[in-house]
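# Observations on the three-dimensional arrangement
So the chains spell out like this:
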Amino acid sequence: MFDFHKNQTPRHRASVGPKLFGLENASVKYGTTYAMKGVDFSVNRGEIVFVTGVSGAGKTTLLKTLGGLIEPDQGRVHRPSLREAFTVPIFQDLKLFSNQTCEQNLVSAYDSHVYKSRKEFDQDLKELSRILGVSSRLELKIKDANGGLKQKVAFMRALLTRPDVILADEPTAALDFENARKMFDILNLYNVKQGLTVVWATHSKELAKKFTGRLVHMDKGKLIYSGHACFI
Ligand SMILES: Nc1ncnc2c1ncn2[C@@H]1O[C@H](COP(=O)(O)OP(=O)(O)OP(=O)(O)O)[C@@H](O)[C@H]1O
Ligand SMILES: [Mg+2]
């Protein structure tokens, strides 16, 4: 099922479907501070969207609101039902089992209703491990893994659940550009093959500009740009 050609970023994209998430004039307040203010934002099925902005701009707040971890104090939010779209978050707390090995963490993603066979799951796990260069470290316990390996395991585990949507908050913060590129290429491939929808928050506008996708930029809680990365 999973075929990935080395160093080849797919040029095409899944066709964009109906709206999955929508925020209308949504605000989130902590005390008197607005973490997010009057944000209008939507994500359609099959889109890859980068959310950029400096530290404190409101990226995590936006993603948490989309994912249902936060309800807005003002405005409206629309989220897909579980039947419409299975959404998997990758937030800074990676929620890995620290006493278990990388592989055990990955195997926890296996669902017999999602895969035709365990063999198919194992093949995907093996292929993702190979591409991300973690095959020789799968026996390492999470508590002994470095930040980059942990991020890769959390990323792989999310993908191995075969989600419809990934909400990823700085998924490559501990990784260099080469590894960030590999992750992006994998997401792109799942986007093309399975229509995966991705919202990816990063403080680095430069990183987002190197990849293809819609870019939205936040500043002081407000969404101030939405469009192609090359115009910002
Ligand atoms: N639980 C909280 N309590 C109080 N203030 C908060 C809380 N969470 C976020 N904030 C504030 O809301 C604003 C937006 O925070 P948010 O974490 O969404 O920004 P961010 O763009 O994700 O930043 P970073 O790049 O550092 O992750 C900041 O001013 C932050 O201090
Ligand atoms: Mg954040």
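Look up a bit, the structure's there.
Heads up: these notes are all about the structure in this document. (Residues numbered from 1 in each chain as written. Chains lettered and ligands numbered in written order. Predicted model: local features only at pLDDT ≥ 70, side-chain atom pairs only at ≥ 80, totals over all residues.)

A separate point is the overall build of the protein. Helix and strand content of the protein: 6 helices and 9 strands. For the protein, whose C-alpha radius of gyration is 17 Å, the value lies close to the compact-globule estimate of 17 Å for 232 residues. Dimensions of the protein, computed from the C-alpha atoms along their principal axes, are close to 50 × 35 × 35 Å. Taken across its 232 residues, the protein has 38% of its residues classed as buried. (Helix = DSSP H or I, 4+ residues; strand = E, 2+ residues; numbered from the N terminus. Rg over C-alpha atoms; globule rule 2.2 N^0.38 Å. Buried ≥ 20, exposed ≤ 12 C-beta atoms within 10 Å, placed from the backbone.)

Moving on, we come to the environment of Glu 103. For Glu 103, the position within the fold is in helix α2 (residues 102-107). On the basis of neighbour counts, which here come to 16 C-beta atoms within 10 Å, the residue Glu 103 falls in the partly exposed class. Once residues within four sequence positions are removed from consideration, Glu 103 is found in contact with Leu 138 and Glu 139. (Contact = placed C-beta atoms within 7 Å.)

Neighbouring ligand 1 are the residues Tyr 30, Thr 33, Ala 35, Gly 53, Ser 55, Gly 56, Ala 57, Gly 58, Lys 59, Thr 60, Thr 61 and His 203. Here the shell around ligand 1 is composed, by residue class, of 3 nonpolar, 8 polar and 1 charged. (Near = placed C-beta within 6 Å. Nonpolar A, V, L, I, M, F, W, Y, C, P; charged D, E, K, R; others polar.)

Turning our attention to helix α3 (residues 118-132). Across its 15 residues, α3 extends 21 Å between first and last C-alpha, which sits within 8% of the 21 Å expected from 1.5 Å per residue. Among all positions of α3, only Phe 121, Asp 124, Leu 125, Leu 128, Ser 129 and Leu 132 are buried. Within α3, the buried residues cover an arc of 130 degrees as seen down the axis, which keeps them to one side. Turned more than 90 degrees off the buried face of α3, the exposed positions are Lys 119 and Arg 130. (Expected span 1.5 Å × (residues − 1). Arc of directions from axis to C-beta.)

This brings us to the packing of α3 against helix α4 (residues 147-160). Put simply, α3 and α4 touch, their axes get as near as 11 Å, and they point 150 degrees apart. As for the relative orientation of α3 and α4, their crossing is right-handed in sense. Contacts between α3 and α4 involve Phe 121, Asp 124, Leu 125, Leu 128 and Leu 132 from the former and Lys 152, Met 156, Leu 159 and Leu 160 from the latter. Of the residues assigned to the contact of α3 with α4, the class counts are 7 nonpolar, no polar and 2 charged. (Axes fitted to C-alpha atoms, helices over the stretch in contact; angles between N-to-C directions. Left-handed = near helix turned anticlockwise from the far one by under 90°.)

Ordered by their spatial adjacency, 6 strands build an open sheet running β5-β6-β7-β3-β8-β9, and the pairing between neighbours is mixed. The open sheet has two edge strands, β5 (87-90) and β9 (222-228), and neither has a second partner. Averaged over neighbouring strand pairs, the angle between their axes works out to 15 degrees when direction is ignored. (Pairing = 2+ DSSP bridges.)

For Asn 25, which is not a glycine, the phi torsion comes out positive at approximately 50 degrees. Non-glycine residue Lys 95 carries a positive phi angle of around 55 degrees. Considering the arrangement of structural elements, one finds Lys 95 in the loop between β5 and α2. On the neighbour-count criterion, Lys 95 (10 C-beta atoms within 10 Å) is exposed.

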